[in-house]
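Single-letter residue listing:
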Amino acid sequence: MMKKKRLSASKASLVLFLCQMISALDVPLDSKLLEELSQPPTITQQSPKDYIVDPRENIVIQCEAKGKPPPSFSWTRNGTHFDIDKDAQVTMKPNSGTLVINIMNGGKAEAYEGIYQCTARNERGAAISNNIVIRPSRSPLWTKEKLEPHQVREGDSLVLHCRPPVGLPPPIIFWMDNAFQRLPQSERVSQGLNGDLYFSNVQPEDTREDYICYARFNHTQTIQQKQPISVKVFSMDSLNDTIAANLSDTDIYGAKPVTEKQPILLTPTGSTSTKVELRGSVLLLECIAAGLPTPGIHWIKEGGELPANRTFFENFKKTLKIIDVSEADSGNYKCIARNILGSAYHVISVTVKAAPYWITAPRNLVLSPGEDGTLICRANGNPKPNISWLANGVPIAIAPEDPSRKVDGDTIIFSHVQERSSAVYQCNASNEYGYLLANAFVNVLAEPPRILTPVNKLYQVIADSPALLDCAYFGSPKPEIEWFKGVKGSILRGNEYVFHDNGTLEIPVAQKDSTGTYTCVARNELGKIQNEVQLEVKDPTMIIKQPEYKVIQRYGQVSFECIIKHDSTLLATVTWLKDNDELPDDERFLVGKDNLTIMNVTDKDDGTYTCIVNTTLDSVSASAVLTVVAAPPTPAIIYARPNPPFDLELTGQLERSVELSWIPGDENNSPITSFVIEYEDGLHEPGVWHYQTEVPGTQTTVQLKLSPYVNYSFRVIAVNEIGRSQPSEPSEQYLTKSANPDENPSNVQGIGSEPDNLVITWEPLKGFQSNGPGLQYKVSWRQKDVDDEWTSVIVANVSKYIVSGTPTFVPYEIKVQALNDLGYAPEPSEVIGHSGEDLPMVAPGNVQVHVINSTLAKVHWDPVPLKTVRGHLQGYKVYYWKVQSLSRRSRRHVEKKILTFRGNKTFGMLPGLEPYSSYKLNVRVVNGKGEGPASPDKVFKTPEGVPSSPSFLKITNPTLDSLTLEWGSPTHPNGVLTSYVLKFQPINNTHELGPLVEIRIPANESSLILKNLNYSTRYKFYFNAQTSVGSGSQITEEAVTIMDEAMASRQVDIATQGWFIGLMCAVALLILILLIVCFIRRNKGGKYPVKEKEDAHADPEIQPMKEDDGTFGEYSDAEDHKPLKKGSRTPSDRTVKKEDSDDSLVDYGEGVNGQFNEDGSFIGQYSGKKEKEPAEGNESSEAPSPVNAMNSFV
């Protein structure tokens, strides 16, 4: 018990000691300093631990190291000293530890197999390399064997064994036919991890004699081929005809139909198996099943889920691939093969072990004498690795003792070190699956201070900007740094200075008075040193007069000013730009000391002009815009396009050039600004003219560059401000000689159209670019960073070539070279293309939704690993849809919406959501091939919002003082309704609104009887619903209460009295008699001069009416067939009922204006008096009833 307490106390004091350790020195990366300081060896380069070499080439075992003094090198082989001087085939490179074993001059690689280790040593210690295992690669030949043909019944399973020779490293296996085409694979036919070809069930089309297994040995760049295997599939129909005579009725090849079979596993066999995999590697599990129909394969992990973003399915889901495995991936993995007849399964128990890996690797220590330090070496693995220490390559237990060091497991503690404590320590962490070896030196240095910044270095800054003065230093122990201003100045302190750990002095805001000499002093216990630097603070550069906006007429002159002020000790340069680019190379632009002048301004000079002033310390700029407008036209001058040039002549004909001259046509009052030269290739494109060049309008000859193998003709077009002339007549023809192509096809691309191909396309050369007959293309490709050699093919004059059998979406280097009968074009440049894309394999993970408000949400997701995209990442698609409304709980037709987010974006906004609803969404990654799998559906809900207006509002059952209101709930409640709000107010006859009354109604009500209202009054109602969020939009209606009951009863009483009914009957009888008399008199013929009789009566109420007033003059029996006309006026309510007779007395006789004269003619018809009382409310527009007529007297 006491022993345990002492141990705990020892560990506590160790932790306290480590916390109090002085940090190690940092050595600046100064080449001169590094050359002067002593340093133990450090291994900088070495060959890999498992080094497989090509037996046909020299073996180079690398070992490079640095140190001061330079280290010497020695080697061990299989644990003993390797004396290279005794082997003539082995040499060591000068100033290096790298061994070169000469195999190409008679040596055999097998003789040099073994374990090699390099030691680099100087006076400060020794560093060692890893154990380097040298093994020559092997690609043995296939053993000869007699392969019997396979005869299989249709529907049965089949396995074609490859059994490649054992090579080092193992070969890559693939199956091809005699035409070197890969055999197609599918869910039914596929290659296993061991290279065998599995048929879940054979079909007649599988019959062939050239199933060939190939083994490719990458190290030796060789391919071995197995003898072809023959497979013949017998269908049941053919069996009945061909072998019935040779087989008995009970034979298995009887006339049985092809029967369906339930799945059985071809590999692995049995129900369980085990597999051990190392941490960080790739786990591959395989299940291949037989059956008819072809079984599908499904993978699960018992008691857990397959790791997201690291799981992939290959070989039609027959292979489960998990990358970067860890201990957490251990467990039971079950594959299930299933078809319509049943299923079979196999459980693979996976155990993940781990070779050692670093947690904390030891790091170099640079200490001063008397300082303390530690080397820590921590590693993990499964099983847990054993940690051992070596000093200068010797196990520390037998190494020379050092009183300053103490080993405590994975830590070495150094206390009060001395210069003799310098050494190189090796930490070895090992278990049964591998080892780690790390070198870390302890370098004890006693060095006086050194300042590495050059003496009297000059620093220049602009006033009001920061100044940084360097004082790079080194010393052991670490020196203290102080700064002074001037030769005898006091030490610098205070907030106006910043002192950095690397010795730099910072003046955050330098002023003119900051100029001067600054001294840096570095001191430690071994000495003191100082250095001076100079600081100059300059005045800033300014533009005191900037260029200004200008408007100038065409052909005018304009000038921009740019007057500057700068520090007199700095050289300032002024640069002018047009539209952020250099000024045109035109003599019209004149750059002066303080200005820019443009002569003879044209429309092309329109733009932004910038003056930039640069010194060695700062830069300023200013801009102004120039607008060019047209000059006023001169009406007397007529401008026109120029006439075409003429008299074209070719001189000085050479293989690649010719001189063309011409005479200009009339310029038609507008100067010719340029000539455009075009050419026709009569050999390749007769009748088609192409642009050749353009020259100034003052030039009438031009030297033209020509291409080989072209039959040239030329023509010239003159151009002025008005436009282009007609083309000139063509020149004579000139045929150039053939030559090699000068250029290669452009726009070379490599884009796969299928997951296993690469489509190489290019823009072919035009006819004149071929430079000769027999144009072809050499197409070359190789897989980037994988293949060293190019694969090439020569194709005809086409623009596409397809490479088959490529891996999915890998980069290829591509080049296309032109050639003709005379030779090749120059070497083409390489472009990078990609083989075909396939659908992405992984769904985005960690999908999160943040609801912002009731109609907007933000979705986040983790990007998928780029290698799982299997194509060019185009973006992500978010599918989202409404599941149900939370207020109604009723599902409806699901309408999915899609939002696309381009590029590698990991979030997006979802607008236009419906409040108080449940939604689902998922996210998919998109490449050029299409969409990947969807992420698991994510459910989210939107909060409540304000409701829509009630669906309807009806007002019924009006009484003297009440109205009944009925309404429908909102179509979109957008939440839980809390109440309805009713507001109403009366409206008087002048349409003025009275006081507003508000009533709140529970949300579960759908009607209300509103009482205590005024009779015969119009009311306006406002009605809306509410949720907890607020009020929705309102709906409005108007209604009227009925009039006083006494008045209503009086009307009813008069209308039902007998005397009133008798009076009305007498009046109706009298009107009927008068109408009969009028009808009889009219039928007797003759004329009724109505107008004369009206004039005879001096009644001012009865006046003749004009025809344009819609009335008539006189009535004649000559027009008996015409109906009576009447006025065009209508009642004030603008209603006319079609069912009323045109001769109705009601239409003609109203009030006292409707009357007859003594001869029975109806005077009121023509009097023009046809007035009615305005209609009120919803009353009819027909003639007043007797009841209403009586009411008018009350």
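Our structure is the block above this text.
The shown structure was predicted, so the numbers you read here are calculated from the model rather than taken from an experiment.

Draft legend 1. Layout of the pattern of salt bridges. Evaluation of the coordinates by the stated rule reveals 38 salt bridges. For Arg135, the salt bridge goes to Asp50, with nearest N and O atoms at 2.9 Å. Placement of Arg135 in strand β11 (residues 132-136) and of Asp50 in strand β2 (residues 50-53) is noted, with a sequence separation of 85 residues between them. You can call Arg135 partly exposed: its relative accessible area is 27%. Judged by its relative accessible area of 43%, Asp50 is partly exposed. Asp539 serves as the salt-bridge partner of Lys512, at 3.6 Å between the closest nitrogen and oxygen. Of this pair, Lys512 sits in the loop between β44 (505-507) and β45 (516-524) while Asp539 is found in the loop between β46 (527-538) and β47 (542-545), placing the two residues 27 residues apart along the sequence.

Draft legend 2. Expanded view of the environment of Met599. Within the secondary structure layout, Met599 lies in the loop between β54 (595-598) and β55 (607-614). Judged by relative accessible area, which is 31%, Met599 ranks as partly exposed. Along the backbone, Met599 and Arg588 are 11 residues apart, and their C-alpha atoms lie at a distance of 4.9 Å. Apart from the residues lying within four places of it in its own chain, the contact partners of Met599 are Gly556, Gln557, Arg588 and Leu590.

Draft legend 3. Representation of the pairing of strand β62 (residues 711-719). Counting buried residues in β62 gives nine out of nine residues, a clear majority hidden from the surface. Where burial is concerned, the two faces of β62 agree: the one with Asn711, Ser713, Arg715, Ile717 and Val719 and the one with Tyr712, Phe714, Val716 and Ala718 are both buried. Where strand β59 (residues 674-681) lies against β62, eight bridges are found, and the strand directions are antiparallel. Bridge pairing in β62 places Tyr679 opposite Phe714. As paired strands, β62 and strand β63 (residues 734-735) are joined by two bridges and run antiparallel to one another. Counterpart to Tyr712 in the pairing with β63 is Tyr734.

Draft legend 4. Structural view of the sheet that holds strand β8 (residues 99-101). If you trace the three strands from one edge of the open sheet to the other, you get β3-β8-β7, paired in antiparallel fashion. What marks the edges here is a single partner per strand, and that holds for β3 (59-61) and β7 (90-92). Pairwise comparison of adjacent strand axes, ignoring direction, gives a mean angle of 20 degrees for this sheet. With three bridges connecting them, β3 and β8 associate as antiparallel partners. Among the inter-strand pairings, Val60 is bridged to a residue of β8, identified as Val100.

Criteria and thresholds
- Residues numbered from 1 in each chain as written.
- Predicted model: local features only at pLDDT ≥ 70, side-chain atom pairs only at ≥ 80, totals over all residues.
- Heavy atoms only, no water.
- Salt bridge = Lys/Arg side-chain N within 4 Å of Asp/Glu carboxyl O.
- Helix = DSSP H or I, 4+ residues; strand = E, 2+ residues; numbered from the N terminus.
- Buried < 20%, exposed > 50% of the residue type's maximum accessible area, 1.4 Å probe, protein only.
- Contact = heavy atoms within 4.5 Å.
- Pairing = 2+ DSSP bridges.
- Axes fitted to C-alpha atoms, helices over the stretch in contact; angles between N-to-C directions.

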